[in-house]
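Below, each chain spelled out in residue letters.
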Number of protein chains: 2
Amino acid sequence: MFTYGAPQLKFGAGSSAEIGYDLGQYGARRVLVVTDPGVAATGGPQRVAEQMKAYGIEAEVFDRVHVEPTDASMKEAVAYARETGPWDAIVAVGGGSSIDTAKAINLLTTNDGELADYLNPPIGAGRAPARPLNPLVAVPTTTGTGAESTTVCVLDVLDLRVKTGISHPRLRPTLAVVDPELTRSQPAGVTAAAGMDIVCHALESYTARPYTSYERKRPEQRVPYCGANPVADMWSERALGLTARSFRTAVRDGDDMTARTEMALAATFAGLGFGNAGVHLPHANAYPIAGQVKDFHPDGYPDEEPMVPHGMAVALTAPEAFRFTFEAGPDRHVRAAELLDPELDHGGDPSEYLPAALLRLMRDIGLPNGIGATGYTESDVPDLVAGTLKQQRLLATAPRDATEEDIAGILTRSLALW
Amino acid sequence: MFTYGAPQLKFGAGSSAEIGYDLGQYGARRVLVVTDPGVAATGGPQRVAEQMKAYGIEAEVFDRVHVEPTDASMKEAVAYARETGPWDAIVAVGGGSSIDTAKAINLLTTNDGELADYLNPPIGAGRAPARPLNPLVAVPTTTGTGAESTTVCVLDVLDLRVKTGISHPRLRPTLAVVDPELTRSQPAGVTAAAGMDIVCHALESYTARPYTSYERKRPEQRVPYCGANPVADMWSERALGLTARSFRTAVRDGDDMTARTEMALAATFAGLGFGNAGVHLPHANAYPIAGQVKDFHPDGYPDEEPMVPHGMAVALTAPEAFRFTFEAGPDRHVRAAELLDPELDHGGDPSEYLPAALLRLMRDIGLPNGIGATGYTESDVPDLVAGTLKQQRLLATAPRDATEEDIAGILTRSLALW
């Protein structure tokens with residue numbers, strides 16, 4: 001048995017200009033717009049708030065989302081929303097950071113308790129929200145995370161130097177408004193890193209343990225991630241086809257609106273896929289790679305703090321991860337490589353097709369050459385492995401069980417990729 | 001710009017046994033189960049009602065849905081639900097008739113006014129529901145209508161001898177529970193007719209006017225049917241592939257659960273496609289073909305009243321309709337034919353591919369040879385044309401404008417198909 005959930009979707013240039021109407025349909029009268037300072041500087045969130053007035057909606061902008069949210073930044077956002085509430089609806093305008101922060105705000109302005117009560121165990125108490133949440137409209141301005149489609153909210157717990165999250169069906173946005181015009185300002189470095197997140201969402205969902213391979217669950221045991229299934233497969237295949245066609249162009253020429261539109265569609269499609277099937281090894285590895293960052297400052301991102309952007313952190317171990325998982329489903333890995341790289345050379349060892357397609361893509365769009373290029377050395381591998389092993393929720397979706405040694409091998413071989 | 005809406009989905013053998021849990025998630029305490037006498041006789045709806053008790057939910061079964069609902073039958077169902085309410089949620093177990101009746105019950109137990117207030121103009125007043133509806137769980141027992149995915153509710157207005165409906169996003173079920181086990185009892189004649197509804201949903205959505213061809217609408221002018229778009233295309237293509245593989249088998253051997261499962265998936269996929277893109281000429285023609293029925297009694301359906309089942313009524317003019325629309329999008333028509341019939345012979349006139357694929361399929365599954373075989377003669381064509389022309393909502397989605405003469409030609413050439 002598999003489940004499939006999705007937000008309602010409005011897609012197209014100009015769609016963000018009519019959010020006031022959509023909120024009116026939900027009966028909203030007082031709305032909090034959530035964004036980060038970089039996106040706020042584009043004026044987009046303020047425009048979204050302004051146009052709501054025509055529909056009799058009072059809107060306020062909270063623009064202090066932290067890029068790569070932390071427990072501290074989310075608590076601050078929640079405290080603000082609780083003090084200034086009640087709110088009838090939340091609108092997130094931004095990348096995954098803004099959308100995930102908005103999910104936490106929505107949860108904690110409709111349900112009591114604190115952030116830690118709801119974080120995934122063992123870090124948090126894994127409490128489920130007792131009450132329904134308010135309508136949440138997600139308006140992505142990057143083409144990557146698919147956060148507009150998913151039921152998860154990801155954050156860094158600063159004291160523990162670990163990334164974790166909250167996962168519950170009620171966190172899923174009600175409506176995703178995907179306006180490719182808003183992605184025009186996305187810098188090339190962000191387009192590249194976030195785009196690799198799309199690619200890995202699709203590849204990981206597509207190669208995930210099939211839903212039929214799990215023991216039958218009782219309804220109360222079901223989780224949003226149910227493994228590869230016919231619906232998620234369809235979204236993943238289509239997302240790969242779109243990235244094959246438009247990813248390199250969107251990085252090279254950010255004003256190519258055909259490529260921007262296809263990447264926006266690909267991000268949403270991949271989100272609809274992995275939001276139901278799940279992701280596995282590359283995402284599990286990405287948590288410690290981003291969480292234990294040393295002194296890396298990627299192009300296109302805020303410069304104040306070192307960071308390995310999420311999509312980059314995911315991509316850097318993907319070639320090795322798929323080399324490892326190949327034997328669990330050779331046909332799927334080959335098919336995925338064909339979709340990602342229609343020019344694929346069908347000679348040689350089929351287990352190399354997908355890693356080769358990924359490496360070609362990563363070099364073309366200017367990704368760093370492995371986690372070594374982001375500051376890690378072989379001596380960091382044990383700490384990274386420990387971080388990966390904390391992501392049991394994701395490792396459970398991997399098509400092949402990975403031991404501590406397997407993960408260490410994947411990370412070590414990912415220090416330099418070419 | 002296009003919009004995309006869908007219910008949440010739970011798919012798989014046994015999924016109908018855990019609806020009590022799902023209703024509990026919505027906080028439901030008192031639930032009306034809506035079904036028709038034929039489905040009630042299988043015991044399925046009663047089992048669905050019984051298992052809710054374990055979750056502290058009180059459920060009652062209303063089993064007087066009319067197959068091919070009428071204004072009279074819907075009014076009776078609504079009157080019953082209003083008298084015995086309030087209800088927190090509605091569960092429909094059955095084919096499109098039960099699901100559509102449940103939509104009307106849900107609308108009219110949460111909003112005031114009468115059925116006629118909400119029917120599409122010019123027959124009704126086209127009023128939009130002012131208040132949100134209750135959760136509606138749709139549990140299809142036939143593989144065809146896709147009513148579990150759509151925002152429409154279709155009925156016969158007896159006095160006017162016309163089929164019409166109600167169309168509003170709020171009518172869409174909250175959750176579709178698709179349990180292929182429930183379709184095992186579907187007779188071969190129903191599998192054949194309902195399966196042609198799947199095929200035509202997919203073909204009509206796929207060949208519909210593209211969403212980019214419409215003038216830009218204001219948000220309050222948007223309708224659920226927005227024309228062919230990348231999301232609907234994906235569902236339609238996948239649905240065609242599944243029917244190509246399993247339709248003939250499901251008709252021939254109703255206990256082949258692989259074929260049953262694929263047809264259940266195809267029905268849901270096609271519903272998700274046309275529920276957003278829309279349908280056009282074959283469906284527009286189907287309304288008068290079913291509404292003006294004379295004395296036709298198809299295999300597998302209740303025998304008391306004459307009827308042309310919906311899927312059959314749709315299918316019988318489809319070959320001619322697609323011959324007519326071919327010139328509006330030759331590539332799409334050819335691609336659709338290839339998906340529907342992977343053995344397709346690529347010789348001859350490409351405009352004949354899709355009609356030929358349809359005719360082969362219809363003969364293989366035992367459909368009548370044209371509308372003539374259901375009792376119509378050439379002298380009935382003017383009345384049928386008048387009925388088709390009333391379906392302006394559907395004709396607006398056709399890829400090529402059809403005049404009165406065009407429609408008369410399609411109907412006349414559909415009197416005998418082979």
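Residues numbered from 1 in each chain as written. Chains lettered and ligands numbered in written order. Predicted model: local features only at pLDDT ≥ 70, side-chain atom pairs only at ≥ 80, totals over all residues. Heavy atoms only, no water.

The name recorded for chain A in an unreviewed UniProt entry is hydroxyacid-oxoacid transhydrogenase, from Actinoallomurus iriomotensis.

Asks: Outline the relation of the copies chain A and chain B, supporting the account with residue identities and numerical values.
Replies: Structural alignment of chain A on chain B gives an RMSD of 0.0 Å, achieved by rotating through 180 degrees and translating 0.0 Å along the axis. On the angle and the small slide along the axis, the relation comes out as a two-fold axis. When the interface residues of chain A are mapped onto chain B, 97% of them again fall at the interface, so both copies present the same face. (Least-squares fit on C-alpha atoms with pLDDT ≥ 70 in both. Contact = heavy atoms within 4.5 Å.)

Asks: Could you give me a rundown of the UniProt feature "domain: Alcohol dehydrogenase iron-type/glycerol dehydrogenase GldA" (unreviewed entry) in chain A, with the residues and numbers involved?
Replies: In the numbering used here, UniProt assigns the "domain: Alcohol dehydrogenase iron-type/glycerol dehydrogenase GldA" (unreviewed entry) feature to residues 8-180 of chain A. Annotated as 30% helix and 24% strand, the span residues 8-180 of chain A places its first and last C-alpha atoms 17 Å apart. (UniProt positions renumbered as here; feature names shortened; annotations may be inferred. Helix = DSSP H or I, 4+ residues; strand = E, 2+ residues; numbered from the N terminus.)

Asks: Please give an account of the interface of chain A and chain B that cites residues and values.
Replies: Between chain A and chain B, the contact holds 34 residues from the first and 33 residues from the second. For the pair chain A and chain B, the summed buried area comes to about 2,900 Å², and 56% of that belongs to carbon and sulfur atoms. Between R238(B) and E237(A) there is a salt bridge, with the nearest N and O atoms lying 2.7 Å from each other. The interface formed by chain A and chain B contains twelve residue pairs in polar contact (both at pLDDT 80 or more). (Buried area = accessible area lost by both parts, 1.4 Å probe. Salt bridge = Lys/Arg side-chain N within 4 Å of Asp/Glu carboxyl O. Polar contact = N/O pair within 3.5 Å; in protein donor to acceptor, adjacent residues only side chain to side chain.)

Asks: Describe the packing of aromatic side chains, naming the residues involved and giving the relevant values.
Replies: All chains considered together, the criterion is met by 15 aromatic pairs over all chains. Ring geometry for Y21(A) against Y55(A): centres 6.1 Å apart, planes inclined by 70 degrees, an arrangement best described as edge-to-face. Separated by 34 residues along the polypeptide, Y21(A) in helix 1 (residues 19-25) and Y55(A) in the loop between helix 3 (44-51) and strand 4 (58-62) bring together distant segments of the chain. On the basis of an interplanar angle of 70 degrees and a centroid distance of 6.3 Å, the ring pair of W235(A) and Y4(B) is categorised as edge-to-face. Placement of the pair is W235(A) in helix 8 (residues 230-252) and Y4(B) in strand 1 (residues 2-4), with the two residues belonging to separate chains. In this structure W235(A) comes out as buried when scored by relative accessible area, which is 0%. Three or more aromatic residues joined by ring pairs make a cluster, and in this case those are Y4(A), W235(A), F269(A), Y4(B), W235(B) and F269(B). When the ring centre of Y214(A) is taken as reference, the NZ or CZ atom of R209(A) above it lies at 4.0 Å. (Phe/Tyr/Trp six-rings, centres within 6.5 Å; stacked < 30°, edge-to-face > 60°. Buried < 20%, exposed > 50% of the residue type's maximum accessible area, 1.4 Å probe, protein only. Lys NZ or Arg CZ within 6 Å of the ring centre and 35° of its normal.)

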